[in-house]
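Examination of the molecular architecture
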Amino acid sequence: MSFDRILVVDWSAASSPSPAKPSADAIWIATAEVGTGTVTTAYHRTRDAAETTLKAAITAALNAGERLLIGFDFPFGYPAGFAAQICGARDPLALWDWLTSHIEDAADNTNNRFRLAAEINAGLPGIGPFWGRPRNLKLPDLPEKGTARHGHPFAERRAVEALVTSAQPVWKLYTTGSVGSQSLLGLPVLSRLRRTYPAQIAAWPFEPWAEAPVVLAEVYPSLLAQQVKAAITDGAIKDEVQVRLLSTALARLARDEMLAPLFAPDAPDKVLAEEGWILGAGHEAALAAALRAPLIPPRLRDDCFAMPQGVTWVPVDDALDRLQSALRPITGTETLPLAQADARVLAAPAMARRSNPPRANAAVDGYGFAHAATGAGVQRLPLIDGRAAAGQPHAGAVPHGQAIRILTGAILPEGVDTVVLEEDCATDGGTVAFDGPVKPNANTRRAGEDVAEGAQALPAGHRLRAPDLALLSALGVAEVSAYRPLRVGVLSTGDEIVGNPASPAAPHQIYDANRPMLLALAKAWGYVPVDLGHAPDRPARIAAKLGQGARKADVILTSGGASAGDEDHVSKLLSERGTLFSWRIAVKPGRPLALAMWEGTPVFGLPGNPVAAMVCALIFARPAFSLMAGAGWAQPLAFTVPAAFSKTKKAGRREYLRARLNAEGAADVFASEGSGRISGLSWATGLVELPDGALTVTPGTPVRFLPYEGFGVA
C-alpha cells in the first residue's frame, strides 16, 4: 500500500466566504508526507479556492511521479436506491455527475443546495428525505426538521454509519453536523477532478484503485475524537487539529505498510459499490496507535554537516555542495490572498483560472472584418453601425463583407478575425478603404495566447515578484499556497561588542556592526528577521540566547566566537551542548564557519569580522536559506568583466574582493583587503571572485564580478 503523500480535507458548505482570519467551520487541508513526517495545514475561505489548491496538488504529484491519497470528510454515497431513483442507475459516480450539472456554486460560495434538495424531495414519494434549512427560507418541499418527514423510500443511514454511530445522516442539510450540504457541494468537485484528470483518479471504493496515481476516499476525522480533544490547546481550531492528526496517522500507517486493512472493510460488495464506506471505519485502534509516536516536527540529522574523515581545508565548491545536500525546506505552508503574497515562495504551482486574454481581441485601434472577404488591391468595405471597445463588446455579428470600428483590447465580434490599423485606412463614416492583401488574423490576439486556462502559470518554489502578481491577477488567481517565510535569528556575541550605538563605548569596545547588517540581509531576502540581541562571552548567556532562537527561528546566524581560541565561546558551547562541525573553508575573507545543531535548529556561526561575516553570509548562508525557504538553491548572478586592478594571488584559497564597476565597465577593487575595513563593504557594489588556484591579475584580465543585486542586496 504505497502512497507518497496524504491529503485530508475538512470541507465546508458555507454560503459566503469564511473570515479572512483562519477560523472554524471553513475548509482546512492537511498535507502529510509519507516517510518524513512533515505535516502542513492550509486554510481556505471558499470552495473555489480549495478546488484550485487540490488541482495544483494533483498536478504536482503527477508531474513528480508521486502517488496521492486525498480524503474528504463528507459521504461519497447515499443509502441504497437513491442513485437509481435520481439517475436511473445504481451508480454513485453517475449521481456525482448529475449533481455537477444541477448544483450552482459560485466563487463566493453562494449556492442553490437548499432549492435543489427541495426539488429532489418534490419528485419523490412522501416528504423528504432531505431536511434542514434556514427558517426564513420558504421551501415547502424541504422540511425544517427531520421529524416532519414521512413516506419517502430510503433508509436514514448507510450501512457504514451503523458502525460509526456518531456520523450524521447524509439527508441533514442545516445546523451542526450538516454533512448532507457538504456532500451536495463537495461531490461535484470530486466529479470535476475526475474529469480534469481522466484515468489518473480513482474514487474508492467505487472504482479499481490499487494502482491509480490519485485515490479519493471518504474519511471521518471523528474516528480520532479522543486524540483530537487531547490535542486541542488554547487558541487551536478543532478543524485544523482534526485534519492534521488524521493525515499524520494515515501517513504513518502508509509508511509502515499498515494502510491496506483500512481499505478492506468487512462489508458486502453491493454496499461498497453503491453506498461507499468510510476509510478506516472499524480500525480506530490502528489509527490511534499511529498517533502515539510523538508529534515532533522534522529535524535535520545531528550529523548533517559532517565532512568526510581527513578533510581539513574545505574548498568553497565542496562546502556549497555539502550544504545543498544536507539541507531541505523546513517551513510550513499557508493559503493567503494574492495581495499579501509579494516576496512569498509558492508551495504549489499557481494554475490559471482563466485564459489571458480571455477572448480573442484587437491589438490596435482600427477596423475589423472577416479576412475571407478581402483580397488584393484596394479594399472597400461598408461599415456597420456601432463599434467594439475594451469593456464595451459589440452585441451582434458583423456580416461577411462588412467591417466594424474596433478599438484596442475590444473582444472580436462574431464575424471578425482580422483588424487593419487605423492609420492604414481611409473612411467617410460609411465605408472603410485600405490596401490589400492583408495577412489573416493581423493585429489580433487569440484567446489564451499568453496563458491558457488550467495551465501552470508559475511553478512551486517560485518567489513572487511584482510582475508575478500582475500575471496571476490577470489569470484570476485570488489566492496562492505559499511557504511561510523563513525565520532567521541573528545573535552577536563578545565582551567587546556594544549592542546599541547610542550607548557609550569604552576604548576597548566596538559597536555591533554585524547584527544590523545580518538582520537587514534576512529582511532583504524576504525572510522574517528575529533579533536575538547580543550576548557577552558567558556560556550561560549565549546558551539562553540560542535556546530562544531555537524556539523562535528556523535557522540561527551568530557572529563571533566561531573559531577555536580561548574566548571563542560559541564554538565551545555548540561543541559541548549541541552538535558542532567547524569547517575550515579555503576562502578569504572568512575561513572558520561553524555549522551546528542546537535543540534541532541549524546554526551558522559566522566570523566576527564584519567583512568576513558579510562575505560568508552572501556566499554560504544565502543559497542555503533559499533552499530551506522552499525556493531552491540560489546561484549568485555573475558575469565576466575586465579588471581595473593588479594583483598576484597564491594558490590555496578562493578570494572575494570588494569591488565596483567603473565608467568603462571594468572592476575596481577597494584599496585595502583588510578584513576590518567596513567602509569597503559600503563602497562596493559587489564582489570580484578569484579562483582557488594561483593567478596574476593585471588591468584588462577577465575576472568574475558578482553584483550585490544578484545576492538580493539592493
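What comes next concerns the included structure. (Residues numbered from 1 in each chain as written. Predicted model: local features only at pLDDT ≥ 70, side-chain atom pairs only at ≥ 80, totals over all residues. Heavy atoms only, no water.)

The topology assignment puts Ser559 in strand 25 (residues 555-559). Each residue touching Ser559, except ones within four places of it in the same chain, is listed here: Leu491, Ser492, Thr493, Asn514, Leu518, Leu606, Pro607 and Gly608. (Helix = DSSP H or I, 4+ residues; strand = E, 2+ residues; numbered from the N terminus. Contact = heavy atoms within 4.5 Å.)

On to a nonpolar patch on the surface, then. Nonpolar side chains collect at one region of the surface, where Leu637, Phe639 and Leu661 lie side by side and expose about 240 Å² of accessible area between them. Tracing the chain through its elements places Leu661 in strand 32 (residues 654-661). (Patch = residues over 30% accessible without salt bridge, like charges linked within 9 Å, V, L, I, M, F, W, Y side chains within 5 Å. Areas by Shrake-Rupley, 256 points an atom, 1.4 Å probe, with all protein chains shown as cover. Salt bridge = Lys/Arg side-chain N within 4 Å of Asp/Glu carboxyl O.)

Further remarks concern empty space enclosed by the protein. Enumeration over the complete set of coordinates arrives at two cavities of 30 Å³ or more. Considered as a void within the structure, the largest cavity measures approximately 50 Å³ in volume. Forming the boundary of the largest cavity are Ala343, Arg344, Val345, Arg463, Tyr483, Arg484, Pro485, Leu486, Gly526, Tyr527 and Ala629. Of the residues in the lining of the largest cavity, the class split is seven nonpolar, one polar and three charged. Lining the second largest cavity we find Gly77, Tyr78, Pro79, Phe82, Ala83, Pro92, Leu95 and Glu274. Put simply, the parts of the chain that give the lining of the second largest cavity at least two residues each are helix 2 (82-87) and helix 3 (92-102). Across the lining of the second largest cavity, the residue classes break down as six nonpolar, one polar and one charged. (1 Å grid on protein atoms, 1.4 Å probe; cavity = no way out; pocket = protein on both sides within 12 Å on 5 of 7 lines; lining within 4 Å. Points joined across faces, edges and corners; volume = space filled by probe spheres on them. Nonpolar A, V, L, I, M, F, W, Y, C, P; charged D, E, K, R; others polar.)

Our next topic: helix 11 (residues 316-326). Looking only at helix 11, the buried set comprises Val316, Ala319, Leu320, Arg322, Leu323 and Ala326. For helix 11, the angular spread of the buried residues around the axis is 160°, confining them to a single face. (Buried < 20%, exposed > 50% of the residue type's maximum accessible area, 1.4 Å probe, protein only. Arc of directions from axis to C-beta.)

Another point: the pattern of salt bridges. A full pass over the atoms with the stated rule returns 30 salt bridges. The residue Asp317 makes a salt bridge to Arg654 at a minimum N-O spacing of 3.0 Å. Here Asp317, found in helix 11, pairs with Arg654, found in strand 32; they are 337 residues apart in sequence, far enough to count as distant. Two residues, Asp554 and Arg484, come together in a salt bridge whose shortest N-O distance is 2.9 Å. With Asp554 in the loop between helix 14 (539-552) and strand 25 and Arg484 in the loop between strand 20 (479-483) and strand 21 (487-493), the pair connects residues that are 70 residues apart, well separated along the chain. With relative accessibility at 6%, the residue Asp554 sits in the buried group. Under the relative-accessibility criterion, Arg484 is labelled partly exposed at 23%. Here the salt bridges do not stand alone but share partners, grouping Asp317, Arg654, Glu689, Asp692 and Arg704 into one network.

Reading across the sheet, the three strands line up as 8-20-9 and stay open at both edges, with antiparallel pairing between neighbours. For this open sheet the edge positions go to strand 8 (333-337) and strand 9 (345-346), each flanked by a neighbour on one side alone. Bridge count between strand 9 and strand 20: two bridges; the pairing is antiparallel. Counterpart to Leu346 in the pairing with strand 20 is Ala482. (Pairing = 2+ DSSP bridges.)

Summed over the entire model, instances satisfying the criterion amount to 27 aromatic pairs. Where Phe72 meets Phe76, the ring centres are 6.4 Å apart and the plane angle is 45°; that geometry is what we call tilted. Given a relative accessible area of 1%, Phe76 falls into the buried group. One aromatic cluster is present, built from ring pairs that chain together Trp11, Phe72, Phe74, Phe76, Trp96 and Phe206. Geometry around Phe3 places Arg67 over its ring, the cationic atom sitting 4.3 Å from the centre. Its guanidinium or amino end placed over the ring of Tyr367, Arg405 lies 5.4 Å from that ring's centre, counting from NZ or CZ. (Phe/Tyr/Trp six-rings, centres within 6.5 Å; stacked < 30°, edge-to-face > 60°. Lys NZ or Arg CZ within 6 Å of the ring centre and 35° of its normal.)

To summarise the sheet geometry, strands pair through backbone hydrogen bonds and adopt either a parallel or an antiparallel arrangement. With mixed pairing, six strands are arranged side by side in an open sheet as 15-12-14-13-17-16. Sheet topology places strand 15 (418-421) and strand 16 (426-427) at the edges, where each strand pairs with a single neighbour. Relative to strand 15, strand 12 (residues 366-369) runs antiparallel, the two sharing four bridges. Looking at strand 15, one finds that Phe369 is bridged to Thr418.

The volume enclosed by the second largest pocket comes to roughly 790 Å³. Mapped by element, the contributors of at least two residues to the lining of the second largest pocket are helix 6 (179-196) and helix 8 (238-255).

A contiguous patch of negative charge, built from Asp365, Glu423, Asp424 and Asp435, is present on the exposed surface. Within the fold, Asp435 resides in strand 17 (residues 431-436). (Lys, Arg positive; Asp, Glu negative; His and termini not counted. Charge placed at Lys NZ, Arg CZ, Asp CG, Glu CD.)

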